[in-house]
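As a plain string of letters, each chain reads:
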Amino acid sequence: MPHPGGGLLVVGDVVTDIVARHRTPLAPGTDTAAAIRAVPGGAGANVACWAAYGGCPDVRLLGRVGADSAAWHEAALTRAGVRSRLVVDPEAPTGTVICLVDVGAGAERTFLTDSGAALRLSPADWSPALLDGVAWLHLSGYLFFAEPSRAAAGDALAAARAGGVPVSVDPASVGFLGEWGVEWFLAAVEGVAVLLPSRDEAELLTGLPDPADAAAKLSRRFPLVVVTAGAGGAVAARGGEVLGWASAGVGASGVRDTTGAGDAFTGGFLAAWLTGAGVLGAVEAGCRAGAVAVGRVGGRPCG
C-alpha cells in the first residue's frame, strides 16, 4: 500500500496525438474522409491526467518534449491538475503519434509512432529529489524500450526502491514487448509492486490467453497484477490467486475512440489506490475512468 498523504509521480512519455477517425476502410492510393484533431497525449502524461481527474490531489509528471510544443503541453497538463517537469530537448521535436481510428470497427486503432524527444529522457533528467513527498511512482513501460530512457527508468526504479516508494509499471506495447523479449522485460521491472498489463500484453508475457489465468501467473512474480480486458473489464490477482473482476461499463456516449483507455484505467486505479480504496475498489475506479475515456476523442479527460 502507498504511504498516506503523499503524491504520485509519473515518469513517462509526452507526445502529440493526431487522431484521425474514419468511417470507411482506408483506401490506398486515394482519399479517405476522416475527422482529424491534434490533441495532447502520451501514455505517461495521460495516466497523470486521469489520476488527477480521479481525485489524486498531488500528481506530478517527468517527461521530455521538444521546443516546438513544450508550452502547449505544459499548459494542457496544468489545466488537467498535473504539476509537470518537462525537459526541453535541444535537438528532437516532441514525439508524435498518428492514431487511425476505424469508427466502423468498434473504434479499433492503428498507431504510427515517432517517439521524438519522449524516449530521449536520460539519467541526467532524473534526480532522487523528485521523490520528495511522493508516495507512489508510476513508470510508463515505453521508457524501457529505448535508450537512454531505459537507463532513466532504471535509475528511477532503483531510487524508489532505496527510498521505500512503491512502483507500478504498465508494459505499454505488445509490439515492443515482442521485439525486446519477454524475459528481458520481466527482469527489467523486477521489484515493482503493481504490474498493469493489457490482456494482449499479459498473454504475451505468460503464454496464457485467459486474462485471469495470466494475472494469476504473473502475480506469483509481482505482488499485485491487474489485467485489463477491454470490454471484458479487468481482473486482479495476488499471490497466484484471482481476487476478482470488475466490469468495464459503458459511458453515456458509447464508444467513440479507444485511444488512451488503458491509460485512463491506470490513472483511475492509481487515484483510488492512493486515496485508500482496496484492490477491487481501485479496479472498479479504473474501469469507470476507462468508460469515460472511450466516450471522448483523445487520450485525456480534458485537452
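Thresholds, definitions, all that
Residues numbered from 1 in each chain as written. Predicted model: local features only at pLDDT ≥ 70, side-chain atom pairs only at ≥ 80, totals over all residues. Heavy atoms only, no water. Phe/Tyr/Trp six-rings, centres within 6.5 Å; stacked < 30°, edge-to-face > 60°. Buried < 20%, exposed > 50% of the residue type's maximum accessible area, 1.4 Å probe, protein only. Helix = DSSP H or I, 4+ residues; strand = E, 2+ residues; numbered from the N terminus. Pairing = 2+ DSSP bridges. Contact = heavy atoms within 4.5 Å. Axes fitted to C-alpha atoms, helices over the stretch in contact; angles between N-to-C directions.

Undergrad: Tell me about the packing of aromatic side chains, residues and numbers included.
TA: Under the counting rule described, the total for this entry stands at 11 aromatic pairs. With centroids separated by 5.0 Å and ring planes inclined at 40 degrees, the aromatic side chains of Trp180 and Trp184 adopt a geometry described as tilted. Judged by its relative accessible area of 26%, Trp184 falls in the partly exposed class. Seen in terms of ring centroids, Phe269 and Trp273 are 6.0 Å apart; in terms of plane orientation they differ by 15 degrees. Their pairing is stacked. One end of the pair is Phe269 and the other is Trp273, both in helix H8 (residues 261-274) and four residues apart, which spans about a single turn. Like Trp273, Phe269 is buried.

Undergrad: Any details on the pairing of strand E6 (residues 95-102)? Residues and values, ideally.
TA: Strand direction decides the pairing type here: strand E2 (residues 15-22) and E6, joined by eight bridges, are parallel. By the bridge assignment, Ala20 is partnered in E6 with Leu100. Summarising the sheet, E6 and strand E7 (residues 108-114) pair through seven bridges and their orientation is antiparallel. Paired with Val101 across the bridge in E7 is Arg109.

Undergrad: Hey, could you go over the sheet that holds strand E12 (residues 234-238) for me, with residue numbers and the actual values?
TA: Strand order across the open sheet formed by nine strands is E5-E4-E1-E8-E9-E10-E11-E12-E13, with mixed pairing between neighbours. This sheet does not close on itself; its edge strands, each paired only once, are strand E5 (82-89) and strand E13 (241-246). Of the pairings in the sheet, the one linking strand E10 (residues 194-195) to strand E11 (residues 224-228) comprises two bridges and is parallel in character. Within E11, the position partnered with Val194 by the bridge is Leu224. Seen against the sheet, helix H3 (residues 149-163) touches strand E8 (134-140) and strand E9 (167-170) and runs at an angle of roughly 155 degrees to E8. Lying over the sheet, helix H7 (residues 211-218) contacts E10, E11, E12 and E13, oriented at roughly 30 degrees with respect to E12.

Undergrad: Talk me through the pairing of strand E4 (residues 59-66); I want residue IDs and the actual numbers.
TA: Across the eight residues of E4, eight count as buried, placing the element largely inside the fold. One ladder, built from four bridges, connects strand E1 (residues 7-11) with E4; its direction is parallel. Residue pairing across strands places Leu8 opposite Val59, the latter belonging to E4. Two elements, E4 and E5, share eight bridges in a ladder whose sense is parallel. Each residue of the ladder has a partner; that of Val65, found in E5, is Val88.

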